[in-house]
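# Examination of the molecular architecture
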Amino acid sequence: MFGNWIKTSILMAGIVALFGVVGGAIGGQQGMLIALLLGGGMNLWAYWFSDKAVLKMYNARQVDESTSPYLYNMVGDLARRAGLPMPKVYIIDEDQPNAFATGRNPDHAAVAATSGIIRMLSERELRGVMAHELAHVKNRDILISTISATVAGAISSLAQFGMFFGGSRDGEDRPNPIVSIIVMLMAPIAGMLIQMAISRTREFGADRGGAEISGDPDALASALTKIDAYARGIPMHAAEAHPETAQMMIMNPLSGGGLRGLFSTHPATAERVAKLRAMRRA
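Summarised in this report is the structure supplied together with it. (Residues numbered from 1 in each chain as written. Predicted model: local features only at pLDDT ≥ 70, side-chain atom pairs only at ≥ 80, totals over all residues. Heavy atoms only, no water.)

So, about unusual backbone geometry. Of note, N59 is a non-glycine position whose phi angle comes to about 50 degrees, a positive value. Note on placement: N59 falls in the loop between helix 1 (2–57) and strand 1 (61–63). With phi around 60 degrees, R140 is a residue other than glycine that occupies positive phi space. (Helix = DSSP H or I, 4+ residues; strand = E, 2+ residues; numbered from the N terminus.)

Strand order in this open sheet of four strands is 1-2-4-3, and the pairing throughout is mixed. Each edge of the open sheet carries a strand with a single partner, namely strand 1 and strand 3 (99–103). The mean angle between the axes of side-by-side strands here comes to 30 degrees, regardless of whether they run parallel or antiparallel. Sheet topology note: the strand 2 (residues 88–92)/strand 4 (residues 109–114) ladder contains five bridges and is parallel. Pairing of V89 across the sheet is with V111, part of strand 4. Set on the sheet, helix 2 (residues 69–82) makes contact with strand 1, strand 2 and strand 4; between it and strand 2 the angle comes to about 140 degrees. Against the sheet, helix 5 (residues 142–149) engages strand 3 and strand 4, with an angle of about 95 degrees to strand 3. (Pairing = 2+ DSSP bridges. Axes fitted to C-alpha atoms, helices over the stretch in contact; angles between N-to-C directions. Contact = heavy atoms within 4.5 Å.)

This part covers helix 12 (residues 269–281). Compared with an ideal rise of 1.5 Å per residue, which puts 13 residues at 18 Å, helix 12 spans 18 Å between its outermost C-alpha atoms and is within 8% of the ideal. Elements in contact with the buried residues of helix 12: helix 4 (123–138), helix 9 (201–214) and helix 10 (217–231). (Expected span 1.5 Å × (residues − 1).)

As a further point, take the nonpolar core. Nonpolar side chains in soluble globular proteins tend to be buried together. Of all hydrophobic cores here, the largest spans 40 residues; its most connected members are L71, I117, L126, V129, M130 and I227. With seven residues, helix 4 is the largest single contributor of residues to this core. Sequence-distant contacts of I117, that is, excluding residues within four places in its chain, are made with Q96, P97, N98, A99, L126, V129 and I227. Y58, A110, M236 and L254 belong to the second largest nonpolar core, which has 17 residues in total. (Core = buried A, V, L, I, M, F, W, Y, C linked by side-chain atoms within 4.5 Å. Buried < 20%, exposed > 50% of the residue type's maximum accessible area, 1.4 Å probe, protein only.)

Below, the structure is given as structure tokens:
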């Protein structure tokens, strides 16, 4: 938990520093000051509202015991087993089987599952998946994960800032080469920051924690195998539009390589399944 706070602080400080450096390069002292204020404001917004922003990106709809008793009661039972407050529960109308958790702490957490994963998995397998997401909540992974998902948006704002202050060179219509380079580097910088902030080992920790919460390592192993087999052939449109959020999912939802590969933080499914099978044997 303490380590997550350190990484979150470093990430937020890095965003402010990046804004300041680029603002200074483009707009001098005034540009640096404005960029630093913008970066600080972005951090405050990310801390308080990034979870709502991510849920909105996926058009997630909140459900309760009356609208989705199957999922809601399942999450409630698992939350009690984990000793956690009841999180908000959301359904995403996407065919790809996937799920994620978000929020700034266990008292302000939410879990979301796609309609595809609810249809595809057995009750036992779905319990394993939702227990995995609650393990992220219990391990307090969700703050760094959710804030990281807003980094690309922050850097996109930085690019727009650069276009505004960079202008054209020598009063001509040609674009400022500094601005052009900054815009070109936006996606790699975003991917690099997410890779630094999100450890692949957190998925192993959530797998183990989820298996302990559900008491059924085999169920999660079976779910991961099934999700991996089907997710590759079913695109998730919201994730393709916002690849920076892919690291929040239980399985990488992105179909392509290239720049999208920069946002991949998931270990190999076979390795995750092997660890769960070994846990059951132990």
